[in-house]
Amino acid sequence: MLLIVLAYLGGALTILSPCILPVLPFVFSRADQPFVRSGLPLLAGMAITFAAVATLAAVGGGWVTQANQYGRWLAVALLGIFGLTLLLPSFAERVMRPFVSAGNRLSEFAQADGQRVSASSSFLLGIATGLLWAPCAGPILGLVLTGAALRGASVGTTLLLVAYAAGAATSLAVALLIGGRVFAAMKRSLGAGEWIRRGIGAAMLLGVVAISLGLDTGVLARVSTVATGGIEQKLVDRLSGGTAPAKAVKNEAAAPAQTAAAPDGAAGPAMMRAAAPAEAPLSLPVEGELPSLSGAVQWLNSPPLTAQDLRGKVVLVDFWTYSCINCLRSLPYVKAWAQKYRDQGLVVIGVHAPEFAFERNVDNVKRATHDLGVDYPVAIDNNYAIWRAFGNRYWPAHYFIDANGQIRFHHFGEGDYAHSEQVIQQLLAEAGHANAGAMVSDTVANGVQMAADNADMQSPETYLGYERAENFVDLGGESHDRVHTYAAPDQLALNNWGLAGAWKVGAEQATLSASTGTIVYRFHARDLHLVLGAGKDNKPVRFRVSIDGAAPGNAHGSDVMADGTGTVTEQRLYQLVRQSGDVQDHTFTIEFLDPGVQAYAFTFG
């Protein structure tokens, strides 16, 4: 709502900009006519046409972008074109000539009847005026269209455009009523307004250059990413009193379970066996209706599903993202439920809501779901539409929906798998599948999906990007968004970390700018993982891991050899340490032997 109000105010201030000049002759041509019969229909037609033309462009740009990752470069090109139209009036005139010609022809037709003025002819003149005005509103239209192309067009985009058009129409209505005094004040502002217009154009072009060269530290791909937060989401959170999204670990963030269940997270391969049918039904009150799933930008393993399609089915909605260690550790159980209860009427839907920029790339998600053996429907929720519809704030989060489309239970984080399976069994029994309770699920989790050793884990998830970085240690401090040479201290306290070499620390990740570089971390946990990417050119990056200065040997993770060597080949979570026996404090070191690697976050298990 706040953004709509701001868009309306922005439109109202348009009258002080040179952008409004092309439409003034048409508006003031009806100044001597009754406002309700002439001025009001004209302004209504103008506002509706502006919003319609801009919405069509936004929808088209959004569709192209969602078709494949290269659409993002089309969005960048659009942004560059809008910047040039603001900076170079002659270029803008050539680009927008078809719109202007159409508007002129329509305006001539609307006024062809001479002295007779009607509401319909005024409305038609307003449509013509809207065609002239739509290409003129460069800054607002350019940014909205580019945002739609990057994030996906939506009803919200249209509402913002309508609000902007309504604001401009309101200010023009005031101008019609007040007359020449507003016009005189506007003329005095034209000089400054033209320089402001060109300044905005130059700024937009600089942004295009920065994005093209990769100097934006991932801002383009991170538009609307919930974990890092944008202005819009921060405003929404502040107004709603919400808290920042978080990964839910174990059962700490979950609502209290209805029945007691022993923790399922033990060291070694995790075995999950369904509990025996409960002696009494669980208390599963209705928590709400299954929200719309239409916000997904793409579906994997299935055509798009709707709430109506799912009626009569028991549904488990799993919010996850493929580099989240907590999501990966709960995945074996979700996959087992999907397979064992599929014939009983259970539909599992994975809603992939990205945490990092690279997780917005649909090709990356496709590869991850294939590698992880996820064969149930996955809704790619890059715009967080489904996330917001559920009011969700955690990875992983599980929502259990009955055959009537009602949410009956939810669970945040890892653990409590036996109770969750009891919920599935009871909802299936309510739907008429009486033998669901006899089903038994066994699953073995290895590698990164093995349950954490929570009893002896004293190191928290740690981000390397400055937006959420904690416990970073360097004598010279941390530099933001520029290359800086760091020197890690020789001694680190528990859970402190540091960089060595030339790194560029961005909001989301640290990028190695030199040929070699090092990250060190003092940790206490059985497992150590690091989310890594090979850089913008996708060239493999070699690395060497050591623990307390020596090769890891038998303590090496699944992505490392015993001698500590490994290679970053794609953007994902890498398991670097997997210890056995007693867990103690250790100093972990990873030395990268090639430039360009991107390091995002440490996680432990």
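Preceding block: the structure.
Okay, so let's go over this structure.

## A word on the sheet that holds strand S5 (residues 314-320)
Here's step 1: The mixed open sheet is built from seven strands, whose spatial order is S3-S10-S9-S5-S6-S7-S4. On the outer flanks of this sheet lie strand S3 (288-289) and strand S4 (298-300), each paired with one strand and no other.
Here's step 2: Where S5 lies against strand S9 (residues 397-401), five bridges are found, and the strand directions are antiparallel. Across the sheet, residue Asp318 finds its bridge partner in S9, namely His398.
Here's step 3: Packing of helix H14 (residues 362-372) onto the sheet brings it into contact with S4, S5, strand S6 (346-352) and strand S7 (378-380), and relative to S4 it is tilted by some 20°.

## Observations regarding the nonpolar core
Here's step 1: One finds Phe319, Trp337, Leu346, Ile349, Phe390 and Tyr399 to be the most contacted residues of the largest nonpolar core, which totals 67 residues.
Here's step 2: Per-element tally for this core: the top contributor is helix H13 (residues 325-340), with eight residues.
Here's step 3: Ignoring any residue separated from it by four or fewer positions in sequence, one finds Leu346 in contact with Val314, Val315, Leu316, Trp337, Ala338, Tyr341, Ile424 and Leu428.
Here's step 4: By size, the runner-up hydrophobic cluster in this structure holds 34 residues, among which are Phe472, Ala534, Phe602 and Phe604.

## Brief notes about the pairing of strand S16 (residues 517-523)
Here's step 1: With respect to burial, S16 is a largely interior element, six of its seven residues being buried.
Here's step 2: Pairing analysis gives four bridges linking strand S14 (residues 497-505) to S16, with the strands arranged antiparallel. Each residue of the ladder has a partner; that of Ala500, found in S16, is Thr518.
Here's step 3: As paired strands, S16 and strand S21 (residues 586-592) are joined by seven bridges and run antiparallel to one another. For Tyr521, the partnering residue across the bridge sits in S21 and is Phe588.

## Focus: the packing of aromatic side chains
Here's step 1: In this structure the tally under the stated criterion is 25 aromatic pairs.
Here's step 2: Relative to Phe592, the ring of Phe543 has its centre 6.4 Å away and its plane inclined at 70°; by these criteria the two rings are edge-to-face. Placement of Phe543 in strand S18 (residues 541-547) and of Phe592 in strand S21 is noted, with a sequence separation of 49 residues between them. For the residue pair Phe543 and Phe592, the accessibility class agrees, reading buried in each case.
Here's step 3: The rings of Phe319, Tyr384, Trp387, Phe390, Tyr394, Trp395, Tyr399 and Phe412 are connected pair by pair, giving a single aromatic cluster.
Here's step 4: One Lys or Arg, Arg572, reaches over the ring of Tyr574 and ends 3.9 Å from the middle of that ring.

## Looking at unusual backbone geometry
Here's step 1: Of note, the bond from Trp395 into Pro396 is cis; its omega dihedral lies within 30 degrees of zero at -20°.
Here's step 2: Looking at the element boundaries, Pro396 is found in the loop between strand S8 (394-395) and S9.
Here's step 3: Of note, the phi angle at Tyr384 is positive, near 60°, even though the residue is not glycine.
Here's step 4: Tracing the backbone through its elements, the reader meets Tyr384 in the loop between S7 and helix H15 (385-390).
Here's step 5: Its relative accessible area of 0% is what places Tyr384 among the buried residues.
Here's step 6: The residue Asp548 is not glycine, and still its phi comes out positive at about 55°.
Here's step 7: With respect to the helices and strands, the residue Asp548 is situated in the loop between S18 and strand S19 (565-568).
Here's step 8: Residue Asp548 is classed as partly exposed on the basis of its relative accessible area, which comes to 45%.

Calculation rules
- Residues numbered from 1 in each chain as written.
- Predicted model: local features only at pLDDT ≥ 70, side-chain atom pairs only at ≥ 80, totals over all residues.
- Heavy atoms only, no water.
- Pairing = 2+ DSSP bridges.
- Helix = DSSP H or I, 4+ residues; strand = E, 2+ residues; numbered from the N terminus.
- Contact = heavy atoms within 4.5 Å.
- Axes fitted to C-alpha atoms, helices over the stretch in contact; angles between N-to-C directions.
- Core = buried A, V, L, I, M, F, W, Y, C linked by side-chain atoms within 4.5 Å.
- Buried < 20%, exposed > 50% of the residue type's maximum accessible area, 1.4 Å probe, protein only.
- Phe/Tyr/Trp six-rings, centres within 6.5 Å; stacked < 30°, edge-to-face > 60°.
- Lys NZ or Arg CZ within 6 Å of the ring centre and 35° of its normal.

Functional significance is not addressed by these values, which are geometric in nature.
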